Amino acid sequence: GWATSDGSRSYEIDGADPGVRWLGYRHYVPTLDDWMLLAKESMPNDYQPRPSLITDFYAYDTSVQRGDPRAQGQMLGRHWVGDLLLECQLEVTKPEGKTLFELVKGGVKFRCQIDCQSGEALLAIDGRDEYQPRAQTNVRGAGSHRIEFANVDNQLLLWIDGSPIEFDVATTYPPLGNDLPRSEDAEPGDLLPARIGAAGAGLRVSQLRLWRDIYYIAAAGRLGVSDYGSGSAILARMNYDQLAQFWQSPADWQPAEGPNPFDQREEAVFPLSDDQFFMLGDNSPLSLDARLWMAERYVDRNLLVGKALYIFWPHSFNKLPGTSIPFPFFPNFARMRFIR
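What you are looking at is a predicted structure, and each value in this text was computed from that prediction instead of being measured. (Residues numbered from 1 in each chain as written. Predicted model: local features only at pLDDT ≥ 70, side-chain atom pairs only at ≥ 80, totals over all residues. Heavy atoms only, no water.)

Could you give me a rundown of the overall build of the chain, with the residues and numbers involved?
Helices and strands together make up the secondary structure of the chain, namely four helices and 20 strands. Dimensions of the chain, computed from the C-alpha atoms along their principal axes, are close to 60 × 60 × 55 Å. Contacts in the chain between residues far apart in sequence, at least 24 positions, make up 62% of those at least 6 positions apart. Surface summary for the chain: the accessible area is close to 19,500 Å², and the carbon and sulfur share equals 52%. (Helix = DSSP H or I, 4+ residues; strand = E, 2+ residues; numbered from the N terminus. Contact = heavy atoms within 4.5 Å. Areas by Shrake-Rupley, 256 points an atom, 1.4 Å probe, with all protein chains shown as cover.)

I'd like a rundown of the side chain of Glu148, residues and numbers included.
One can find Glu148 in strand β8 (residues 143-151). Once residues lying within four places of it in the same chain are set aside, the contact partners of Glu148 are Leu85, Leu86, Glu87, Leu157, Leu158, Trp159 and Gly162.

Kindly report on a nonpolar patch on the surface, identifying the contributing residues and their values.
On the surface, Leu309, Tyr310, Phe312, Trp313, Phe327, Phe329 and Phe338 cluster together into a nonpolar patch covering about 810 Å² of accessible area. Within the secondary structure, Leu309 is located in the loop between β16 (299-300) and β17 (310-311). For Leu309, a relative accessible area of 52% gives the class exposed. (Patch = residues over 30% accessible without salt bridge, like charges linked within 9 Å, V, L, I, M, F, W, Y side chains within 5 Å. Salt bridge = Lys/Arg side-chain N within 4 Å of Asp/Glu carboxyl O. Buried < 20%, exposed > 50% of the residue type's maximum accessible area, 1.4 Å probe, protein only.)

Give me the lowdown on helix α3 (residues 240-247), citing residues and values where you can.
Taken residue by residue, α3 has Tyr240, Leu243, Ala244, Phe246 and Trp247 as its buried positions. An end-on view of α3 places all buried positions within 165° of arc, on one side of the element. (Arc of directions from axis to C-beta.)

Break down unusual backbone geometry for me, with residues and values.
Positioned with a positive phi, Asn154 is a non-glycine residue whose angle comes to about 55°. Structurally, Asn154 can be placed in the loop between β8 and β9 (156-160). Residue Asn154 is classed as partly exposed on the basis of its relative accessible area of 28%. In this structure, Asp161 takes a positive phi of about 55° despite not being glycine. Within the element layout of this structure, Asp161 appears in the loop between β9 and β10 (163-164).

Explain the sheet that holds β10 residue by residue, including any values.
One open sheet accounts for six strands, arranged β1-β12-β3-β8-β9-β10; its pairing is antiparallel. Taken across any chain shown, the strands that pair with only one partner, and hence form the sheet edges, are β1 (10-13) and β10. Summarising the sheet, β1 and strand β12 (residues 202-212) pair through four bridges and their orientation is antiparallel. Bridge pairing in β12 places Ile13 opposite Leu203. (Pairing = 2+ DSSP bridges.)

Got a sec to walk through the pairing of β12? Specific residues and values, please.
Pairing of strand β3 (residues 84-94) with β12, which is carried by nine bridges, proceeds in the antiparallel orientation. Bridging from a neighbouring strand, Leu84 pairs with Arg212 of β12.

Residues and numbers for the nonpolar core, please.
The biggest cluster of nonpolar side chains holds 37 residues, and the ones touching the most others in it are Trp2, Phe101, Leu158 and Leu203. With five residues, the top contributor of residues to this core is β3. Residue contacts for Phe101: discarding those within four places in its chain leaves Leu86, Cys88, Leu90, Phe110, Arg111, Cys112, Ile114, Ile147, Phe149, Arg195 and Ile196. Listed in part, the 17 residues of the second largest apolar core include Leu180, Leu235, Phe246 and Trp253. (Core = buried A, V, L, I, M, F, W, Y, C linked by side-chain atoms within 4.5 Å.)

Right, dumping it as structure tokens:
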């Protein structure tokens, strides 16, 4: 029942159809073979892309590397990220019925339902009937609102027009005992990780964005920076194309025989005392931060001097703009700014 008239920049539904009508997101990642076909302009007309899991992919780390299959695999991201935030501009055009926001992690659906007439928001988790936090919002009647719905660190969170919504009870939830991605033919699960639904409401959604949480890899092992520290880790040894196929293949996530790749994820614990600070870089796969320091894994308060005021070296281009002259550290002047 959803339609777009502006090249998928926005979607509309009139609310006339019965039941819940869903607008869903699937994550498509091209393989190296896909890129080669595109470069040769020989992509088959009947080509059908396959959805993939969302991973700890960093565009910053994707320079083409040859000769090292592990490096090529790292370019794609080696760790599944299930903590997500769904964001959109929601315009209620027919203030009847309800609008729904849904995120999936480990095959479990986490949902926020907003009544477009009363403004009441209700949170729900599949299989947890006792989990029903409620709150009153200003999404009442016709109008436009910025909506952000997140499932991060075992807690559901809702922001409307930039303000966090306070629910009548805590919105945290205990671990569900399932931290493995799931998908089946009849239920796409984590291969359909985000949806927006209309139940009798006329809606227009635009400025759609799906955010993933930062995934901080626990420590460095023999196979590089990875949570798969064991020498028998499967995912840590996959190259780019092997990983691309793995993220698209639910049968490989829970094999009938042999070890489960996700069960080989390890964790690292770093105890801290008062006035000790654990430093983390913004590029988890490659940051040489406190996780990897050889001696003390913290910084004392008395060594924290000064305050960051200005971003002054965000380099960007590997050539002088408009020329073929190599210049790998040419600054991106447009991104220089004061830190608010």
